[in-house]
Amino acid sequence: MKLWLKIALLNVSIVAGLGILIGLAIRDTVISSMRAELTKQGLSVARNLSDRIANFILLDDFYKTQEAIDDVQKTEKDIEYIFATEKNGFLFAHTFRNGYPPDILRWNFIALKKVQSIQLLDTERGFIRDIGVKVFGDMNPELHIGIREEGITQTLRKLRNLVITSTIIATLISSVLSFSLSRIITKPLYKLMKFTHSLSRGEFGRKIEIKAKDEVGELSDTFNNLSHELKLYREKMEDSYKQMLRTEKLTALGRLSAGLAHEIRNPLTSIKVLFQTFRDNPALTKEDMRVVLSAVEQMDDLLTRFLRFARRDDFNLSEVYVNSLIKQVVNLTHFQIKNQSIDVSLNLSKLPPVKADRALIQQALLNLVLNAIEAMPHGGVLKIFSKLDHDRIIVNFKNTGAAIPEEIKDKIFDPFFTTKGDGTGLGLSIVYNIINLHHGNISFESNEKETSFTLNIPINA
Ligand SMILES: Nc1ncnc2c1ncn2[C@@H]1O[C@H](COP(=O)(O)OP(=O)(O)OP(=O)(O)O)[C@@H](O)[C@H]1O
Ligand SMILES: [Mg+2]
């Protein structure tokens, strides 16, 4: 449940609860004070009447007694009945028009030595308060007046309606007020919450606009500073990361150029020798031409590969989908694959994008696929498999064919190490460097049956 709704509901329930409690308290106070008042009035009417009829009862004057009680019932409202008993305790006069109830004398019996008794009777006609007084001290004749509590009931009904209406109105007003107030209070909090979500998504440098001068305002200022600092920090990190990539690349280039110079010396020497011969004997044979051409081609090939690696002095980091690159590389080598009757099987799991240089990764994958194809000149099986392992991507290339001999296993990543007549030996060293630049690693296994190379690249290099 949203915070503003909770606050509003809490307010509304407090107001409604208080309304009900206040209503109940008022009701109790009003009931008891009204009942006390009614009893007081009833007693005074009973006492007056009892004084008036005392003589008539003494003289057994039924008519005068009846006249007096009828008189009082007519003038006093809320009186349901009046009855009086005579000296032997029998009913003497009463106001019941259609006969009196048989158990009337047991309704509110006045105990011996008592001069009065008050009893609340629950009758078919509602609550009736019977006020009984003895006419002569503690002698038998009694006078009973039944007073209806209808007045109290009506007042209570009115009071209840009033309390309910005012509670409803107060609840409505308080709900409108508390709904809008809690929205006002919690709105900046929601803004802050959204802002922290955006921070956790890495959207640094944004600002939150809360003008309040309270704790929330202070908190938003802190968050703005934090966001700004995080942005600066990330920019610094990216700078140093780029710097690092550049340094690594330079080291790799240094190593490569040393090898390159060494490799170029061989074809250059053969050309030099040929040209020295040419100086003494200017007739150049077709065979000589072929040697020069092949030497030049060899150098050209070396330089092209070297330049391809060296030219890119800026790493172009983007979101790279490795699976789609694998498919592209397989397509690229489709001709060789078909020519050498190689079976390719892809087993690619769903992978998130990797933050990497797309062209470099493609180059690395291509070199590995080319090596695998070259290792199976008479056909075989190439299995490429990819999967996600926590925050790293695993790509594995497995090809059948001759094993990598034990004695060259620690050399295959060296630049210019090759066992192929037409190879440059740069392929794996380039793969090694590329994977290194992306903070990944490469490993391989080779036995009589198959050779497999595995790349392990972090998603956020
Ligand atoms: N999949 C493989 N199966 C067997 N041997 C391999 C495999 N990959 C590499 N090698 C061995 O490692 C050596 C070095 O490979 P690298 O890719 O660096 O150079 P190359 O393939 O010989 O030449 P280049 O790739 O420059 O044309 C290869 O000559 C080969 O002997
Ligand atoms: Mg190769």
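### What to know about the sheet that holds strand β4 (residues 126-134)
Backbone hydrogen bonds hold the strands of a sheet together, and the pairing may be parallel or antiparallel.
And step 1. Strand order across the open sheet formed by 5 strands is β2-β1-β5-β4-β3, with antiparallel pairing between neighbours. A single partner strand is all that each edge strand has here, and the edge strands are β2 (91-94) and β3 (116-123). Between one strand axis and the next, the sheet turns by 20 degrees as a mean value, whatever way the strands run.
And step 2. Across 3 bridges, strand β1 (residues 79-85) lies against β2 in antiparallel orientation. By the bridge assignment for β2, alanine 84 is matched with alanine 93.

### Let's talk about the sheet that holds strand β10 (residues 392-400)
And step 1. Read from one edge to the other, the open sheet built from 5 strands follows the order β7-β9-β10-β12-β11, with strand pairing classed as mixed. Here the strands that pair on one side only, and so sit at the sheet edges, are β7 (342-348) and β11 (441-446). Neighbouring strand axes in the sheet, compared pairwise and without regard to direction, differ in orientation by 10 degrees on average.
And step 2. Of the pairings in the sheet, the one linking β7 to strand β9 (residues 380-389) comprises 7 bridges and is parallel in character. Paired with valine 344 across the bridge in β9 is leucine 382.
And step 3. Packing of helix α8 (residues 358-374) onto the sheet brings it into contact with β7, β9, β10 and β12 (450-458), and relative to β10 it is tilted by some 15 degrees.

### Quick word on the packing of helix α1 (residues 3-58) against helix α3 (residues 150-200)
And step 1. The contact between α1 and α3 brings their axes to 8 Å, and the two run at 160 degrees. Relative to α3, the element α1 is oriented roughly antiparallel. For the crossing formed where α1 meets α3, the hand is right-handed.
And step 2. Partitioned by chemical class, the residues of the contact of α1 with α3 number 21 nonpolar, 11 polar and 3 charged.

### What to know about the nonpolar core
And step 1. One finds Val322, Ile361, Ala364, Leu365, Leu368 and Ile434 to be the most contacted residues of the largest nonpolar core, which totals 33 residues.
And step 2. Breaking this core down by element, the ones donating at least two residues are α6 (322-332), β8 (354-357), α8, β9, β10, α9 (427-437) and β12.
And step 3. When residues of this core are assigned to their parent elements, the largest contribution, 8 residues, is made by α8.
And step 4. Filtering out sequence-adjacent residues up to four positions away, isoleucine 434 remains in contact with Leu360, Ile361, Gln363 and Ala364.

### Description of the environment of glutamine 66
And step 1. Considering the arrangement of structural elements, one finds glutamine 66 in helix α2 (residues 62-75).
And step 2. Assessed through the 18 C-beta atoms surrounding it within 10 Å, glutamine 66 is described here as partly exposed.

### Let's talk about the site of ligand 1
And step 1. Within the structure, ligand 1 sits among 21 residues, and Asn371, Thr418, Gly423, Gly427 and Leu428 are positioned closest to it.
And step 2. Going through the elements one at a time, α8 and α9 are the ones with two or more residues in the shell around ligand 1.
And step 3. Considering every element that reaches the shell around ligand 1, the biggest residue donor is α8, with 4 residues.
And step 4. When the residues that make up the shell around ligand 1 are grouped by side-chain class, the tally is 7 nonpolar, 12 polar and 2 charged.

### What to know about α8
And step 1. Compared with the 24 Å implied by 1.5 Å per residue over 17 residues, the 24 Å span of α8 between its first and last C-alpha is a close match.
And step 2. Inspection of α8 places Leu360, Ile361, Gln362, Gln363, Ala364, Leu365, Asn367, Leu368, Val369, Ala372 and Ile373 among the buried residues, and these make up the whole buried set.

### Let's talk about the pairing of β11
Consecutive side chains along a regular strand alternate between the two faces of the sheet.
And step 1. Note that β11 and β12 share 6 bridges and pair antiparallel. The partner of glutamate 445 across the bridge, within β12, is serine 452.
And step 2. The antiparallel pairing of β11 with β12 creates a hairpin that spans 3 residues between the two strands.

### Focus: unusual backbone geometry
And step 1. Phi at lysine 113 is positive, roughly 65 degrees, even though this residue is not glycine.
And step 2. Tracing the chain through its elements places lysine 113 in the loop between β2 and β3.
And step 3. Positive phi outside glycine occurs at histidine 390, with the angle close to 55 degrees.
And step 4. By secondary structure assignment, the location of histidine 390 is in the loop between β9 and β10.

### Concerning the environment of valine 381
And step 1. With respect to the helices and strands, valine 381 occurs in strand β9.
And step 2. For the pair valine 381 and arginine 47, spaced 334 residues apart in sequence, the C-alpha separation works out to 123 Å.
And step 3. Those residues within four positions of valine 381 in sequence are excluded, and the remaining contacts are Asp343 and Thr400.

### Here's the deal with the packing of α8 against α9
And step 1. Contact geometry for α8 and α9: axes closest at 9 Å, N-to-C directions at 145 degrees. For the pair α8 and α9, the crossing hand works out as left-handed. Packed against α8, whose contacting residues are Leu360, Ile361, Gln363, Ala364, Asn367, Leu368, Leu370 and Asn371, the element α9 presents Gly427, Leu428, Ile430, Val431, Ile434 and Ile435 at the interface.
And step 2. Residues that form the contact of α8 with α9 fall into these classes: 10 nonpolar, 4 polar and no charged.

Rules behind the numbers
- Residues numbered from 1 in each chain as written.
- Chains lettered and ligands numbered in written order.
- Predicted model: local features only at pLDDT ≥ 70, side-chain atom pairs only at ≥ 80, totals over all residues.
- Pairing = 2+ DSSP bridges.
- Helix = DSSP H or I, 4+ residues; strand = E, 2+ residues; numbered from the N terminus.
- Axes fitted to C-alpha atoms, helices over the stretch in contact; angles between N-to-C directions.
- Contact = placed C-beta atoms within 7 Å.
- Parallel < 35°, antiparallel > 145°, perpendicular 65-115°, else oblique.
- Left-handed = near helix turned anticlockwise from the far one by under 90°.
- Nonpolar A, V, L, I, M, F, W, Y, C, P; charged D, E, K, R; others polar.
- Core = buried A, V, L, I, M, F, W, Y, C linked by C-beta atoms within 7 Å.
- Buried ≥ 20, exposed ≤ 12 C-beta atoms within 10 Å, placed from the backbone.
- Near = placed C-beta within 6 Å.
- Expected span 1.5 Å × (residues − 1).

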